[in-house]
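So the chains spell out like this:
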Amino acid sequence: MSGATAPSSPSPAEGQSKPVKQRICYIDIAKGFAMLCIIAGHFGIVSAGRFVSTFHVPLFFLLSGYFLSTKVSFLPFMKQKARQLLVPYYVTGVVLLIVATVVNHFVWPEIDALNNAKSMLGALLYGSGTPHSEPFAIRQIGLLWFLWALFFSTGFTRLALKTKYPLLAVCLIAAAGWASAKVTWLPFSIQPGAMASFFMYLGFLARKHGILDKKPPLALIIALILLWIASIYFGVSINIVVCFLSHGLLSIATSIAASYLVVLACKVAEQRLRTVSRFLNFFGQTTLIVMCFHAISDFCFPNLMLYSWLEPFGFPHTAVSVLILVLNVLWPLLGVFVSLRVPLLRKLFSVRPISPLPERKSAA
């Protein structure tokens, strides 16, 4: 994912004057929170699903657009994005395929591990986040779809910015992705990427006009909160992976409102909830690693089977849900700690040094 960094004045390093980048901590906190919401939304927890499906994936694209660069020409920029996103996609996909095949062979011998591996290879090559029947039977590759979608949404947004009316261009691109998904399903999550380009452009506009630097009126915050609560209650949702809008434009409006409120809440949390913010700040700076390791666990860990294993022993359903969420946070964190220490993985995930949460700002 795009780094939440902003350029600052040059400072000497290793005998040379190099530009350094200062991270925008509340953006990292928001990314970390959105990543937790994505993990929580994968295990059939109805209450969690109603909440996170209003905003979590659009928020990621909005934040990515907030740091979209236009300084590098298009082709070199997309080459850099391919290295950053698609190389981890295929490397993680191959690891996922190998681990899943081994697990299936030894843990679930009733599964034909070889045929399952072949279908997973097809899923990796097609790059769809969910199963489809058109243009033929397509198996999902899971969370890794996001990397292809982010690649295309970045490209579509950059192309739209070259036009005279970029907002109109991204609206047409997003509409084309949404409409074509009702007819057939294209490879490499092109249609989700097209739909997401609208949110990426909004993030770009927010940075351009300093939206997040302005204090919003209290009346606006109250109105957005009421809209969000009502949308959760009535099941308003947006699912970019399948280009689905439960309530049309209302789903889009809710996702924008909820994303804005989450970022505002993260700005407050940075100052007042320091322990939580430190964790989310770390989590948000490593979302690419977290996403890839969660993709592996989503295929290979017996998450949903824990209900049938533990509930007969008296474990409440809610307690098992919390346990599943905790395990699926600890596993990617293990991947993060390993990746930070292994040079090959650091290079694969383009790992930058983790910036700690700065000290609390003292009152004047």
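Given the structure is predicted, the values throughout are model-derived calculations rather than measurements.

### Topic: the side chain of Q285
You can see Q285 is positioned in helix 11 (residues 274-285). Within the structure, Q285 has its side chain in polar contact with the backbone oxygen of S355 (distance 2.7 Å). Setting aside its immediate chain neighbours within four residues, Q285 contacts R23, D28, P353, I354 and S355.

### A closer look at the pattern of salt bridges
Counted by the stated rule, this structure contains 1 salt bridge. The partner of R23 in a salt bridge is D28, with the nearest N and O atoms 2.7 Å apart.

### Overview of the confidence of the model for the chain
In the predicted model, the chain carries a mean pLDDT of 89, and 93% of its residues have values of at least 70. Every residue in residues 7-20 scores below 50 in pLDDT, and together they form 17 contacts with partners more than four places removed in sequence or on other chains.

### Section: the packing of helix 3 (residues 56-66) against helix 10 (residues 249-272)
Packing of helix 3 against helix 10 brings their axes to within 9 Å, and their N-to-C directions diverge by 65 degrees. One finds that helix 3 runs roughly perpendicular with respect to helix 10. Relative to helix 10, helix 3 is oriented so that their crossing is right-handed. Along the contact surface, helix 3 presents P58, L59, L62 and L63, while helix 10 presents S255, S259, V262 and V263. Looking at the contact of helix 3 with helix 10 residue by residue, the class counts come to 6 nonpolar, 2 polar and no charged.

The rules behind each value
- Going along each chain's sequence as written, the residues are numbered from 1 onward.
- A pLDDT threshold of at least 70 governs which residues receive local features in this predicted model, and a stricter bar of 80 or more applies before side-chain atom pairs are shown or counted, although totals over entire chains, interfaces and linings include all residues.
- Only hydrogens and water are removed before side-chain values are computed, so all heavy atoms of the structure are retained for them.
- Counting from the N terminus, the helices are DSSP H or I runs at least four residues long and the strands are E runs at least two residues long.
- The term polar contact refers here to a pair of N or O atoms within 3.5 Å; inside protein, the definition further demands a hydrogen-donor-capable atom paired with an acceptor-capable atom, and it admits residues adjacent in sequence only when both atoms are side-chain atoms.
- Working rule for contacts: check all heavy atoms of both residues, and any pair within 4.5 Å makes them a contact.
- The term salt bridge refers to a pairing of a side-chain nitrogen on Lys or Arg with a carboxyl oxygen on Asp or Glu at a separation within 4 Å.
- You can read pLDDT as the predictor saying how much it trusts each residue, on a scale of 0 to 100.
- Axis definition: a line fit to C-alpha positions, over the contact stretch in the case of helices; interaxial angles, taken between N-to-C directions, run 0 to 180 degrees.
- Any angle that is under 35 degrees is reported as roughly parallel, and any over 145 degrees as roughly antiparallel; angles of 65 to 115 degrees are reported as roughly perpendicular and all others as oblique.
- Crossing chirality is assigned from the near helix's rotation relative to the far helix, an anticlockwise turn below a right angle marking it left-handed and a clockwise turn marking it right-handed.
- Residues are sorted three ways: Asp, Glu, Lys and Arg are charged, Ala, Val, Leu, Ile, Met, Phe, Trp, Tyr, Cys and Pro are nonpolar, and all the rest, Gly among them, are polar.

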